Amino acid sequence: MPDTHHRIPSFVHQRNRLSEGQQHAWDRWWPEYGGDVAEVERLEPEALFGRTAPVVLEIGSGMGDATAEMAAAAPEVDHLAVEVYEPGLARLLMLRQEAGLENLRLLRGDAVDLLDRAVPEGLLEGIRIFFPDPWPKRRHHKRRLVQPGFVALAASRLRPGGWLHLATDWEHYALQMREVCDACPLLHRAPAAGPEGWLPRPDSRPLTKFEQRAEREGRAIRDLLYVR
Ligand SMILES: C[S@@+](CC[C@H](N)C(=O)[O-])C[C@H]1O[C@@H](n2cnc3c(N)ncnc32)[C@H](O)[C@@H]1O
């Protein structure tokens, strides 16, 4: 497996102030439902969620709307959102409380570090990566999350039969994702995909405002689903 320890991060960490409401939610709920990737030695879902259930990891939950919706739609599944953007995590904490989502926990930090160090092989039911930062400039392509070393790592953390679901509105990145995942020996493209490999948006992925705009502007959204 390519060395994931010397890779370039897929994000740029910015110190962002929380709004008053976000700060309130953070102070009240973060100690209970949040945590730092750096402090997780070994991910133990039973201890984290207080039950035994399939665990789906989402990398880059952003502002959290889709995450909260997916957690509400699948109460039988435990959802772990990993994000570096604190206002987004704080907002997701608010959504979590509003909807009473017992099956949702949040981690702050680099999901690649989490997968690499702390997630045992074969643990996860699924991994979601929706609209990862596209890094459109050629000289920034090396920052893209979906690269061979990362995909090999992610695939190894899935249980046999577990899935990796990716979505992007950047055609160039979609092609890269398809090429990299097709080449990963552990993964197979989901049979429901069309001949080009794209899948119609599954109901499990909520339609976001951002995506509605992309559609209006004529940009195709590409969904890719792979199974280990
Ligand atoms: C373009 S946003 C998309 C957010 C959300 N999935 C959506 O569809 O609106 C990508 C997010 O991924 C986060 N991110 C990028 N690399 C990450 C990493 N290695 N670990 C955790 N989060 C990451 C960024 O902070 C950013 O919020």
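Above this note sits the structure.
The present account deals with the structure reproduced in this document. (Residues numbered from 1 in each chain as written. Predicted model: local features only at pLDDT ≥ 70, side-chain atom pairs only at ≥ 80, totals over all residues. Heavy atoms only, no water.)

Our focus in this paragraph is the site of the ligand. By nearness alone, 13 residues border the ligand, and Ser10, Gly60, Glu83, Asp110 and Phe130 come closest of all. Between a nitrogen atom of the ligand and a side-chain N or O atom of Ser10, the distance comes to 2.7 Å. Phe130 has a polar backbone atom sitting 2.7 Å from a nitrogen atom of the ligand. Most atoms of the ligand, that is more than half of them, are within 2 Å of grid points of the largest pocket. In the shell around the ligand, the residues fall into 6 nonpolar, 4 polar and 3 charged. (Near = heavy atom within 4 Å. Polar contact = N/O pair within 3.5 Å; in protein donor to acceptor, adjacent residues only side chain to side chain. 1 Å grid on protein atoms, 1.4 Å probe; cavity = no way out; pocket = protein on both sides within 12 Å on 5 of 7 lines; lining within 4 Å. Sits in = over half its atoms within 2 Å of the grid points. Nonpolar A, V, L, I, M, F, W, Y, C, P; charged D, E, K, R; others polar.)

Once that is clear, we can look at the pattern of salt bridges. Enumeration over the complete set of coordinates arrives at 16 salt bridges. Arg28 is paired through a salt bridge with Glu32; the nearest N and O atoms lie 3.9 Å apart. Taken together, the residues Arg28 and Glu32, both in helix α1 (residues 20–33) and 4 residues apart, mark about one turn of the helix. Its relative accessible area of 45% is what places Arg28 among the partly exposed residues. (Salt bridge = Lys/Arg side-chain N within 4 Å of Asp/Glu carboxyl O. Helix = DSSP H or I, 4+ residues; strand = E, 2+ residues; numbered from the N terminus. Buried < 20%, exposed > 50% of the residue type's maximum accessible area, 1.4 Å probe, protein only.)

The subject of this paragraph is empty space enclosed by the protein. For the structure shown, the criterion picks out 1 cavity of 30 Å³ or more. The computed volume of the largest cavity comes to approximately 40 Å³. Every residue lining the largest cavity is listed: Val56, Glu58, Thr67, Met70, His79, Leu80, Ala81 and Arg128. Elements supplying a minimum of two residues to the lining of the largest cavity: β2 (55–59), α3 (65–73) and β3 (78–83). With 3 residues, β3 is the largest single contributor of residues to the lining of the largest cavity. In the lining of the largest cavity, the residues fall into 4 nonpolar, 2 polar and 2 charged. (Points joined across faces, edges and corners; volume = space filled by probe spheres on them.)

All right, on to the nonpolar core then. Counting 39 residues, the largest nonpolar core has Ile59, Leu114, Leu115, Ile127, Phe150, Leu164 and Leu187 as the members making the most contacts within it. Mapped by element, the contributors of at least two residues to this core are β2, β3, α5 (111–118), β5 (124–130), α6 (148–157), β6 (158–168), α7 (171–182) and β8 (222–227). Among all residues touching Ile127, those that are not within four sequence positions of it are Leu57, Ile59, Leu115, Ala154, Leu158, Trp163, Leu164 and His165. With 17 residues, the next largest nonpolar core counts Ala25, Ala81, Leu89 and Leu104 among its residues. (Core = buried A, V, L, I, M, F, W, Y, C linked by side-chain atoms within 4.5 Å. Contact = heavy atoms within 4.5 Å.)

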